[in-house]
Amino acid sequence: MRFEVLTLFPEMIRDSFMTGITGRAAGRGLVELDTVNIRDYAVNDYGSVDDYTYGGGAGMLMMCEPVYSAFLEAKRRLGDEKTRVVFLTPSGRTFDEKTARELSGEKGLILLCGHYEGIDERVIDEIVTDPVSIGDYVLTGGELPALVVMDAVTRLIPGVLGNDDSSESESFNDGLLEYPQYTRPPLWHDREVPDILLSGDHKKIDQYRMRAARQKTKEVRPDLYEEYIKKRGIF
Ligand code: ADE
């Protein structure tokens, strides 16, 4: 997987992605990260990439041409292959594990980070294939959402997580939240690890974990629990 990120803050993307598990994945060649600084394609010597909105309204809008030129550069670096272009915007479709899985099968992805009050709609219409939101709240820019998407996609690439099972068993894989987990010591602040987990009986442990996952989902995310019950025909 190769990520090409179109951004006004390339160092924010690089510094964060190159830290921790995603950075290690990049170091091992399982994923590549490249950034294109939209400011390098400014329309004048002052470095302008934004302008006032036609029709009035607060704030500035990113102009078509700098964004389009940055996109062409990313496309050129990807060998001009047909590549999906993810635009991070609160007006996009809500990002979830299913989308992460779908995107993780791509050879390359272009991610477009907006700033100011948004981007001229014409360049969005021309280049964007997937407008994506990470939730119903508004951030100051698309960089954090791009990092969220890249992180969720990277951890699904085979070999990235130490234990190949761990991306399978975690929350959302079968529509339930993850069951609670414990490590040593068995007693901490008067809180005990459930006996069954110390029993060594793996069948019983699996049953306990399934029950705990269902219980937790029912409490914390009744919407997900409802879905789960419906899908399995359990009443
Ligand atoms: N840009 C600003 N807010 C955003 C959000 N919630 N999701 C994606 N991109 C954004």
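Up top is the structure.
Student: So what's going on with the site of the ligand? Which residues, and what values?
Tutor: Taken together, Leu88, Thr89, Pro90, Val132, Ser133, Ile134, Gly135, Tyr137, Val138, Leu139, Gly141 and Pro145 make up all the residues around the ligand. Gly135 has a polar backbone atom sitting 3.2 Å from a nitrogen atom of the ligand. Between the ligand and Leu139 there is a distance of 3.0 Å, counted from a nitrogen atom to a backbone nitrogen or oxygen. For the ligand, whose free accessible area comes to 260 Å², the fraction covered by protein is 96%.

Student: Which residues make up the packing of helix H8 (residues 202–220) against helix H9 (residues 222–232), and what values go with them?
Tutor: Relative orientation of the contacting elements H8 and H9 amounts to 125 degrees, with a least axis distance of 5 Å. Relative to H9, H8 is oriented oblique. Taking contact as the criterion, the partners of Met210, Arg214, Thr217, Lys218, Glu219 and Val220 in H8 are, on H9, Pro222, Leu224, Tyr225 and Tyr228. Across the contact of H8 with H9, the residue classes tally to 6 nonpolar, 1 polar and 3 charged.

Student: Describe the nonpolar core, and please don't skip the residues or the numbers.
Tutor: Phe3, Phe17, Val31, Leu111, Val149 and Met150 are the most contacted members of the largest nonpolar core, which totals 27 residues. Elements supplying a minimum of two residues to this core: strand S1 (2–7), helix H1 (10–17), helix H2 (20–27), strand S5 (84–94), helix H4 (97–104), strand S6 (108–113) and helix H6 (143–154). The element best represented in this core is H6, accounting for 6 residues. Filtering out sequence-adjacent residues up to four positions away, Phe3 remains in contact with Phe17, Val31, Glu32, Leu33, Asp34, Leu109, Leu111, Met150, Val153 and Thr154. The next biggest cluster of nonpolar side chains, apart from the first, holds 21 residues, and it includes Val36, Val67, Ala74 and Val123.

Calculation notes
- Residues numbered from 1 in each chain as written.
- Predicted model: local features only at pLDDT ≥ 70, side-chain atom pairs only at ≥ 80, totals over all residues.
- Heavy atoms only, no water.
- Near = heavy atom within 4 Å.
- Polar contact = N/O pair within 3.5 Å; in protein donor to acceptor, adjacent residues only side chain to side chain.
- Areas by Shrake-Rupley, 256 points an atom, 1.4 Å probe, with all protein chains shown as cover.
- Axes fitted to C-alpha atoms, helices over the stretch in contact; angles between N-to-C directions.
- Helix = DSSP H or I, 4+ residues; strand = E, 2+ residues; numbered from the N terminus.
- Parallel < 35°, antiparallel > 145°, perpendicular 65-115°, else oblique.
- Contact = heavy atoms within 4.5 Å.
- Nonpolar A, V, L, I, M, F, W, Y, C, P; charged D, E, K, R; others polar.
- Core = buried A, V, L, I, M, F, W, Y, C linked by side-chain atoms within 4.5 Å.
- Buried < 20%, exposed > 50% of the residue type's maximum accessible area, 1.4 Å probe, protein only.

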